[in-house]
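If you want the building blocks of each chain, they are given just below.
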Amino acid sequence: MAITTVKKNKRFTDSFWNVFKKVLLYSLLILLTLFMLGPFLWLISTSLKSAGENIFQYPPQLIPEKITFMNFVKVMDTFPFWRYLFNSVVVTILTVVFNVLFCSLAAYPLARMNFKGKNVIFILILATMMIPFQLLMVPIYIMALNLGLDNTYAGMVLPHVTTAFGVFLMRQSFSVIPYAMDESARMDGANSFQIWFRILMPLVKPSILTLTIFTFITAWGDFLWPLIIVGDKEMFTLPLGLNMLSGTFTSDWRLIAAGSVISMAPIIIFFLFLQRQFISGVMNGAVKE
Amino acid sequence: MSRRKLTPYLFLVPGCTILGAFIFYPMLRAIWLSLTDYNMIQDAEFIGFDNYAKLFQDDLFWKTLLNTVIYLVGVVPALVIIPIFLAVLVNQKLKGIGFFRSAFFIPVVTSLVVAGIAWDWVYKENGLLNYALQLAGIITEPIGWLTSTSTALFAVMVVTIWKGLGYYMIIYLAGLQSISESLYEAADIDGANWWQKVTRITIPMLMPFVLLVSIMSSINAMKVFEEIYVMTGGGPLHSSETLVFLIYNEAFGNLDMGYASAAGVILFLLTLILSFINLKFVGNKGNLS
């Protein structure tokens, strides 16, 4: 009798602790979510407030008195959102495709062939990680102007289409594939390029995903280089366009907020669809590095 | 050379061409430019180390250098330590934990221009932060966080930290999940308590990831530009201006390419020293345990 009571009590305290722990963890998580997303929620709220509502009122009001979409309609008149979105998409896709292609091409011989100068080449490639782009941007700018690459997609994309990180990552993944794979393909008459493309590339899909995600995040958010190389508004990417918008409408916060919300909408939607891939891609990259 | 021998080099051609054209050549060109007086209109004139001499006498250079160091000292420890706790938190087996992981990652994928605008709103004199602090009785008068020389740099630092937390959290999450369960089970059998498991298993096994985050966050802090450009423009009175900001202003504001390149070379040397310190200290600790 006494033993069962003790057991019951223990079970009671155990489950009490579990519930308590869960409540504590969830409260902490929700609090942190508010900190991480709060500034965005505020932006959305401001973009929905009507002209009649004082957005500077004190204390600040998160919920708009009357929700209106007028700010979005108005900002679309002056903010060529679709043009900027198109430019951002083109620049990001080109950067991702060429970066994955060039890095995987370069990584293949470095991982699976013996040739003269292999180590020197690999070390030189890794050394580029130590060189900050901010040192290079001045000469690259001068060079790009001479080549007529200003205000072009090529000018925005080319400096970023091979990264030491990408070569390193792909080399790591190629080097763990058993050599029997290449040899049997070679017996069947495949050449090196076919082995790379048909046999090896399909086997390193997780690393391709990782490189795609990393390149995507940097290319989509890139600001400094486009700011330097692009002056023509027709070629602006979303960050550049939004930066200009916030400069022109300094007085109308509703419009700036509406512009910000539509600028971040595409990436948020894209991320929400592929969140699992984003997160596992970054995790895979961290383990490989 | 036979075709067979040529093959590895062919794979390397695209990547190495890009790295050569956009990193190695500009690197040498930048060093050369740093020894010249060049404004894009007249021909470059060799002036030896004059740019460096001028740099070391320039109060603004020392100011931006100091700001960069303050940035490093403030941002790096926060980004190395806080994400560990976040990672432990989102590694819990709870319902809906995927939602929180994604929520914390959203600032990583949004562009800094949007983030800057959102935080601008938080920092306003009649914004959320002042309201919250007044409500809590911490301050009596609202503070212009971004317009005061004593707070602007720190206000921007908070945004850098906020935007990086999710990224490094995922890297640590990968680290936590790479630790084999059997280690903890063995420790349980030996009667280890929770604290012993944390200090003897989790922390030592996480050290390579701490090194990675430490290197990445310090190199990124060294190169900070976009959040400052968007939020304060380096002001007020240069109080939030960093070294990269100085390079940008000299090169694309004053067209003083030689002077900007000299500052770029200093940035490069500092990046090298920093990576070395990281490898030496954090790396050693990682190996010892």
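Fair warning: this is a prediction, and the values are worked out from it, not measured in the lab. (Residues numbered from 1 in each chain as written. Chains lettered and ligands numbered in written order. Predicted model: local features only at pLDDT ≥ 70, side-chain atom pairs only at ≥ 80, totals over all residues.)

Enquirer: Please clarify how the overall build of chain A should be interpreted in this entry.
Expert: The helix and strand tally for chain A stands at 14 helices and zero strands. Radius of gyration (C-alpha) of chain A: 26 Å, far over the 19 Å computed for a compact globule of 289 residues. Its C-alpha atoms give chain A principal-axis dimensions of roughly 80 × 70 × 35 Å. Of all 289 residues assigned to chain A, the portion counted as buried reaches 39%. Within chain A, contacts between residues at least 6 apart in sequence are counted, and of these 77% link residues at least 24 apart. (Helix = DSSP H or I, 4+ residues; strand = E, 2+ residues; numbered from the N terminus. Rg over C-alpha atoms; globule rule 2.2 N^0.38 Å. Buried ≥ 20, exposed ≤ 12 C-beta atoms within 10 Å, placed from the backbone. Contact = placed C-beta atoms within 7 Å.)

Enquirer: So what exactly am I meant to see when it comes to the overall build of chain B here?
Expert: Helix and strand content of chain B: 12 helices and two strands. In chain B, the succession of helices and strands from N to C terminus is α-β-β-α-α-α-α-α-α-α-α-α-α-α. Once the C-alpha set of chain B is aligned to its principal axes, its extents read approximately 75 × 75 × 30 Å.

Enquirer: What exactly am I supposed to notice about the packing of helix 10 (residues 205–221) of chain A against helix 14 (residues 275–288) of chain A here?
Expert: Helix-helix packing is described using two parameters, namely the angle between the two axes and the distance between the axes. Residue and element names in this part refer to chain A. Following both chains from N to C, one finds helix 10 and helix 14 inclined at 105°, their axes separated by 8 Å at the closest point. Between helix 10 and helix 14, the angle is such that the two are roughly perpendicular. When helix 10 is examined against helix 14, the residues Pro206, Ser207, Leu209, Thr210, Ile213 and Phe214 are found in contact with a partner set consisting of Gln277, Phe278, Gly281, Val282, Asn284 and Gly285. The residue makeup of the contact of helix 10 with helix 14, split by class, is six nonpolar, six polar and no charged. (Axes fitted to C-alpha atoms, helices over the stretch in contact; angles between N-to-C directions. Parallel < 35°, antiparallel > 145°, perpendicular 65-115°, else oblique. Nonpolar A, V, L, I, M, F, W, Y, C, P; charged D, E, K, R; others polar.)

Enquirer: Honestly, the interface of chain B and chain A in this entry has me stumped. Any pointers?
Expert: Residue-level contacts link 69 residues of chain B with 68 residues of chain A. In terms of residues, the side of chain B that touches chain A owes the most to one element, helix 1 (residues 3–33) of chain B, which gives 16 residues. A breakdown of the residues in the side of chain B that touches chain A according to their chemical character gives 51 nonpolar, 14 polar and four charged.

Enquirer: Would you mind showing me how to read unusual backbone geometry here?
Expert: Peptide bonds are mostly trans, and most non-glycine residues show a negative phi. Residue and element names in this part refer to chain B. One non-glycine residue with positive phi stands out, namely leucine 237, at about 55°. Positive phi, close to 55°, is recorded for leucine 255, a residue that is not glycine. Residue placement: leucine 255 occurs in the loop between helix 11 (243–253) and helix 12 (257–288).

Enquirer: Just to check I follow, could you spell out the environment of A:Met130 for this structure?
Expert: Here A:Met130 shows up in the loop between helix 4 (118–127) and helix 5 (133–146). Between the C-alpha atoms of A:Met130 and A:Ala164, which are 34 residues apart in sequence, the distance is 9.8 Å. In contact with A:Met130, not counting residues within four places along its chain, are B:Thr271, B:Leu272 and B:Ser275.

Enquirer: Could you clarify how one ought to interpret the nonpolar core in this entry?
Expert: When a protein is soluble and globular, its nonpolar side chains tend to lie buried together. Counting residues in hydrophobic clusters, the biggest one holds 154 residues, and the most contacted among them are A:Ala106, B:Met169, B:Ile170, B:Ile171 and B:Ala263. Looking at this core element by element, the count peaks at 16 residues for helix 7 (residues 152–178) of chain B. Non-local contacts of B:Ala263, meaning those with residues more than four positions away in its chain, are made with B:Leu55, B:Phe61, B:Leu243, B:Leu246, B:Ile247 and B:Glu250. (Core = buried A, V, L, I, M, F, W, Y, C linked by C-beta atoms within 7 Å.)

Enquirer: What should I look at first to understand the confidence of the model for chain B in this one?
Expert: Low pLDDT marks stretches whose predicted atomic positions should not be read closely. Summing up the model confidence of chain B, the mean pLDDT is 89 and the portion of residues at 70 or higher is 96%. Predicted as a complex, the structure gets a pTM of 0.90 and an ipTM equal to 0.87. (pLDDT = per-residue confidence, 0-100.)

Enquirer: So what exactly am I meant to see when it comes to the packing of helix 7 (residues 164–175) of chain A against helix 10 of chain A here?
Expert: All names here are of chain A. At a minimum axis separation of 9 Å, helix 7 and helix 10 run at an interaxial angle of 170°. By the angle between their directions, the pair helix 7 and helix 10 is classed as roughly antiparallel. Of the residues in helix 10, those touching helix 7 at Gly166, Leu169, Met170 and Ser173 are Ser207, Thr210 and Leu211. A per-class count over the contact of helix 7 with helix 10 returns three nonpolar, four polar and no charged.

Enquirer: Would you mind showing me how to read the environment of B:Gly137 here?
Expert: Residue and element names in this part refer to chain B. Position of glycine 137 among the secondary structure elements: in the loop between helix 6 (128–135) and helix 7. For glycine 137, a count of 7 C-beta atoms within 10 Å translates into the label exposed. The spacing of glycine 137 and serine 178 is 41 residues in sequence and 45 Å in space, taken between C-alpha atoms.

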